[in-house]
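Fold and geometry: a report
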Amino acid sequence: MTPPPSSRRRNAEAPARPRARKLGSVRRSQLVTTYGVGAMIAIDNESFIVAGLDSWNIADAPEIFERRLARVLGVKSFHLPPAPDPDRGNDGVRVRRFPDFYSCPKCNVLQPYGDFNCLPGSARCSDCHEDLVPSRFVLACDDGHIEDFPYWKWSHRGYERPSRFCGGTLSLRTDGNTASLRSVVVTCTCGVPDVSMEGAFRVKALRDLGIRCEGRRPWLYGAKAQPCTRHPRAMQRGSSSAWHPVMRSALSIPPWGEGVLALIEREKLIGAPEEVIRWHFTQRPGLLKRAGVTVEEVIGCAHEIDADNSAPNDDGGAPLDPHAVLRKEEYDRLCRGNPEHRTSDWQPFVCERPEGDLSPVHELGLSDSMLVKRLREVRALEGFTRGVAPLEAAPDQRLAELHLSPDINWLPAIEVKGEGVFLRLDGDRLRQWETQATVIAHSEQIRRNHLALIKERTPANPARTRALASPVSPRFVLLHTLSHILINEWSLDGGYPASALRERLYASDVMAGILIYTATSDSAGSLGGIVAQGSPERLAATLRSALVRASWCSNDPLCMESGASGVDSVNLAACHACVLLPETSCELNNSFMDRALLIGAPSGEVPGYFQHA
């Protein structure tokens, strides 16, 4: 990671930009999931914010192909975050210094970094020769804006001129032996009384001082402040609330990624004229031979892609959610399967039915199970938010920008490969269960809590609030809870840590399935351990064991009788002692779960789908 230059190159004759200083390094995957654009990162005794995509040099960054996801997100391609390569002059991902305020632990002076007159490449107080400490506190709003905490206004509150023009110098010290904000004291040499940071995290306290969100976006070079009506809130610089990535993902399913389509993608021939395609394979005839296709087949397929791109996206009816369409395509392919082809090309998706008698699985309420022996998932960073986590019903409602340039038509992404097991519930049995009045009334508690949360988080736009809809239904809650108890069980039987397993839900009026898979870039990869859990005999035994384990929680009866649980009160009988998972495993932030819909309520009023399994 390197800081951006103070000025950009204006034209071809302008001097080359100076080589930036290397500050540190992180894994490429972390630049999408943990330290993406707009996230703060601490390096030694300094703090920086990852700069926008328009500062990334992706000339040598590998391109990732996933046509379906690219169309949904409105981009042409994806790229891995660039890695530094001094031989080619590529300095990797750039960062900008943030927050600007630093303090000296010896003289306690609190001021902007530039006022310390530090030596180049050093963050040390010029008077005390001590390492500086970046400000612990920042100010951010739910729309992604972020800025330094207004120490001058906070310390001069109640005075006519609450600004830095008082002529004094701020200092920050810690009094007492406690870690509370009352012990953090801000002092000004102009003579105003000392003020502690107690109460700084209350939105009302900031609003009473006239502190508003200034709409600053320090991760974007040259970005002007935006008008913002949100009330900002103070937060710790290292708080998990300071940056929430909004990720979108897709499985690579046929026909993309195989045969002639894979060849067109790899050679970047989508949208190329016929003469360019012929010339390309004239220069590299071995490509056609290895793929077993002719140039005419490539041209015909390229024309079909162009026609598909230019076709209208709707038929005049209600607009379809593109992400729901993407999931439906995956669900249909998982149901049909895709056997392995004995070809030289690598197959990104192999899905087959297990051998053996499926009757034990059918007796439990599952209609089918599929062994996904090979899968490829592409995860792209669409944007980010700050403050409260984005709503599951509409995670893109308040995304902060990743760049300012209109010429950028790509997003940072990573690809992971793994394996999994796909399970589908019995449609007839499911419909009979989910239409019972007691089941509907029970899940309606979660739905009401979720709708109240949506209304609370979108008060400024009633029209937008009415447009949002909760996905909660008996089917949705059942599938999500089932996925969690199976992941917990397989983490014990399959040898994988729960954090290495992920879920993918397929829940709608026409879908009722879950995919549990391992798709991770670390050592807990795909060695057949999860696929082995999908054999009919083992799957039936595992499901029975998981249901028995879910029938009792160490927090019962409080857990089972809870009317609302979880961070946002959108769970019922679900806690960390029974069904909650690591956040990396759940795609819904551990929300919308209830054990009672699996095994039934102890009172017998709510029948569970697997109650008689």
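The paragraphs below set out a description of the structure included in this document. All values derive from a computational prediction rather than experimental measurement. (Residues numbered from 1 in each chain as written. Predicted model: local features only at pLDDT ≥ 70, side-chain atom pairs only at ≥ 80, totals over all residues. Heavy atoms only, no water.)

Helix 16 (residues 536–550) packs onto helix 14 (residues 474–493) with a crossing angle of 110 degrees between their chain directions and a minimal axis gap of 9 Å. What the angle tells us is that helix 14 and helix 16 run roughly perpendicular. Crossing angle aside, the handedness with which helix 14 passes helix 16 is right-handed. Within the contact between the two elements, helix 14 uses L482, I485, L486, E489, W490, L492 and D493 and helix 16 uses L539, T542, L543, S545, A546, L547, R549 and A550. (Axes fitted to C-alpha atoms, helices over the stretch in contact; angles between N-to-C directions. Helix = DSSP H or I, 4+ residues; strand = E, 2+ residues; numbered from the N terminus. Parallel < 35°, antiparallel > 145°, perpendicular 65-115°, else oblique. Left-handed = near helix turned anticlockwise from the far one by under 90°. Contact = heavy atoms within 4.5 Å.)

What follows covers the sheet that holds strand 9 (residues 137–140). Hydrogen bonds along the backbone pair up the strands of a sheet, which may run parallel or antiparallel. Here we have three strands laid out as an open sheet, ordered 10-9-14, and antiparallel in their pairing. Whereas interior strands pair on both sides, the edge strands pair on one side only; in this sheet they are strand 10 (146–148) and strand 14 (233–236). Sheet twist, expressed as the mean angle between neighbouring strand axes with direction ignored, is 40 degrees. Inspection of the sheet shows strand 9 paired to strand 10 by three bridges, in the antiparallel sense. The residue bridging V138 from the neighbouring strand is D148, located in strand 10. (Pairing = 2+ DSSP bridges.)

Bringing empty space enclosed by the protein into the picture now. Scanning the model with the defined rule gives one cavity of 30 Å³ or more in all. A volume near 60 Å³ is recorded for the largest cavity. Residue lining of the largest cavity: I485, N488, E489, A546, R549, A550 and C578, and that is the complete set. Elements supplying a minimum of two residues to the lining of the largest cavity: helix 14 and helix 16. Grouping the amino acids of the lining of the largest cavity by side-chain chemistry returns four nonpolar, one polar and two charged. (1 Å grid on protein atoms, 1.4 Å probe; cavity = no way out; pocket = protein on both sides within 12 Å on 5 of 7 lines; lining within 4 Å. Points joined across faces, edges and corners; volume = space filled by probe spheres on them. Nonpolar A, V, L, I, M, F, W, Y, C, P; charged D, E, K, R; others polar.)

Their axes nearest at 10 Å, the elements helix 11 (residues 427–434) and helix 14 cross at an angle of 120 degrees. On the basis of the axis angle, helix 11 is oblique to helix 14. In this structure, helix 11 crosses over helix 14, and the sense of that crossing is right-handed. Only P474, R475 and L478 of helix 14 make contact with helix 11, whose side of the interface consists of L430, R431, W433 and E434. Class assignment of the residues belonging to the contact of helix 11 with helix 14 gives a composition of four nonpolar, no polar and three charged.

Before going further, it helps to examine the state of the cysteines. One pass over the full model with this rule turns up zero disulfides. This cysteine, C104, is not joined by any disulfide, and C107 carries the nearest cysteine sulfur, 3.5 Å off. Free cysteine: C575, not disulfide-bonded; nearest cysteine sulfur from C553 at 3.4 Å. Residue classification places C575 among the buried positions, given a relative accessible area of 14%. (Disulfide = S-S within 2.5 Å. Buried < 20%, exposed > 50% of the residue type's maximum accessible area, 1.4 Å probe, protein only.)

Now for the nonpolar core. With 60 residues, the main nonpolar core has L425, L482 and F610 as its most contacted residues. Per-element tally for this core: the top contributor is helix 14, with nine residues. If you look at the next biggest cluster of nonpolar residues, it comprises 46 residues, including F78, L220, W410 and L411. (Core = buried A, V, L, I, M, F, W, Y, C linked by side-chain atoms within 4.5 Å.)

Pairing analysis gives four bridges linking strand 1 (residues 40–43) to strand 2 (residues 46–50), with the strands arranged antiparallel. Counted as the bridge partner of I41 is F48 from strand 2. Once strand 1 ends, the chain turns through two residues before running back antiparallel as strand 2, passing D44 with a positive phi of about 55 degrees.

With antiparallel pairing, three strands are arranged side by side in an open sheet as 7-6-8. The sheet is open, and its two borders are formed by strand 7 (110–112) and strand 8 (133–134), each paired with just one other strand. Pairing geometry for strand 6 (residues 101–103) and strand 8, over two bridges, is antiparallel. Directly across from S103, in strand 8, lies its bridge partner V133.

Limitation: the analysis is restricted to geometry and does not speak to function.
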